[in-house]
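Per-entry structural report
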Amino acid sequence: MTRTDDAAIEELVAAAKAGDAEAFGRPFDHFHEPVHRYVAARVRRPSDAEDLAQLVFVKALEALPRYEQRGVPFGGWLFRLARNVVIDHLRTNREHVDLDELLERPGNEASPEAQAIARDQMDTVAAALAELTDE
């Protein structure tokens, strides 16, 4: 992106802040693919990447009235939003794996003895978890 592009984007952002509903379209078009690639590189599922990239732009549109260019171009601000969206997603959507799946995953080439030991340890953990109270 050239300085001219940066200036044009900033002008469109200013117009969008002033109420021009269509002015946000060009920055969206310009940054959608890079934001999507950024998000997709950090999450596992393509569908999550699509949803999160869209969420970045929804948050940007919601926060647009508060946006101020403080030496950081609009694209930098968008990528900061994208980073925060990814962090929030990773914090709240940690993948939980069933204990039995751990032994049955492809590529688990442990010996039968190692698998039996692991199964025993997982049974012990599962029993301990079952005894936990809500507190």
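Since this is a predicted model, take the numbers as computed values, not measurements.

**Concerning the pattern of salt bridges**
Taken as a whole and judged by the stated rule, the model has three salt bridges. Between Arg45 and Asp48 there is a salt bridge whose closest N-O contact spans 3.1 Å. Judged by its relative accessible area of 15%, Asp48 falls in the buried class. Of the charged contacts in the structure, one is a salt bridge between Arg70 and Glu68, with a shortest N-O distance of 3.4 Å. In this pair, the class of Arg70 matches that of Glu68, namely exposed.

**What to know about the packing of aromatic side chains**
Counted by the stated rule, this structure contains seven aromatic pairs. Between Phe24 and Phe74 the ring centres are 6.2 Å apart and the planes differ by 90°, which places this aromatic pair in the edge-to-face class. Separated by 50 residues along the polypeptide, Phe24 in the loop between helix H1 (3–17) and helix H2 (25–40) and Phe74 in helix H4 (residues 74–92) bring together distant segments of the chain. For the pair formed by Phe24 and Phe74, the shared burial category is buried. Where Phe74 meets Trp77, the ring centres are 5.5 Å apart and the plane angle is 40°; that geometry is what we call tilted. Within this pair, Phe74 and its partner Trp77 are both found in helix H4, separated by three residues, close to a single helical turn. According to the relative accessible area criterion, Phe74 is buried, its value standing at 1%. Connected via pairs of aromatic rings, a cluster forms that spans Phe24, Phe31, Tyr67, Phe74 and Trp77. Positioned above the aromatic ring of Tyr38, the side-chain terminus of Arg42 is 3.7 Å from the ring centre.

**Describing the confidence of the model for the protein**
Mean pLDDT over the protein works out to 82, with 84% of the residues at or above the 70 mark. Taken element by element, the predicted model of the protein shows its lowest mean pLDDT in helix H5 (residues 99–104) (59) and its highest in helix H3 (residues 46–63) (93).

**Looking at the side chain of Asp48**
If you trace the backbone, Asp48 turns up in helix H3. Every residue in contact with Asp48, bar those within four places of it in the chain, is listed here: Val43 and His89.

**Considerations on a nonpolar patch on the surface**
Together, Val125, Leu129 and Leu132 line one region of the surface with nonpolar side chains, adding up to about 300 Å² of accessible area. By secondary structure assignment, the location of Leu129 is in helix H6 (residues 112–131).

**Describing the nonpolar core**
Core analysis: the biggest nonpolar cluster contains 26 residues, and Val35, Val39, Phe74 and Leu78 have the highest contact counts within it. For this core, the secondary structure elements donating two or more residues are H1, H2, H3 and H4. Not counting chain neighbours up to four residues away, the residues in contact with Val39 comprise Ala49, Leu52, Ala53, Ala82 and Val86.

**Focus: the packing of H2 against H3**
One way to put it is that H2 packs onto H3 with a least axis distance of 9 Å and a crossing angle of 135°. Put simply, H2 runs oblique to H3. The hand of the H2/H3 crossing is right-handed. Together, Phe28, Phe31, His32, Val35, His36, Val39 and Ala40 of H2 and Ala49, Glu50, Leu52, Ala53, Gln54, Val56 and Phe57 of H3 make up the contact between the two elements.

The rules behind these values
Residues numbered from 1 in each chain as written. Predicted model: local features only at pLDDT ≥ 70, side-chain atom pairs only at ≥ 80, totals over all residues. Heavy atoms only, no water. Salt bridge = Lys/Arg side-chain N within 4 Å of Asp/Glu carboxyl O. Buried < 20%, exposed > 50% of the residue type's maximum accessible area, 1.4 Å probe, protein only. Phe/Tyr/Trp six-rings, centres within 6.5 Å; stacked < 30°, edge-to-face > 60°. Helix = DSSP H or I, 4+ residues; strand = E, 2+ residues; numbered from the N terminus. Lys NZ or Arg CZ within 6 Å of the ring centre and 35° of its normal. pLDDT = per-residue confidence, 0-100. Contact = heavy atoms within 4.5 Å. Patch = residues over 30% accessible without salt bridge, like charges linked within 9 Å, V, L, I, M, F, W, Y side chains within 5 Å. Areas by Shrake-Rupley, 256 points an atom, 1.4 Å probe, with all protein chains shown as cover. Core = buried A, V, L, I, M, F, W, Y, C linked by side-chain atoms within 4.5 Å. Axes fitted to C-alpha atoms, helices over the stretch in contact; angles between N-to-C directions. Parallel < 35°, antiparallel > 145°, perpendicular 65-115°, else oblique. Left-handed = near helix turned anticlockwise from the far one by under 90°.

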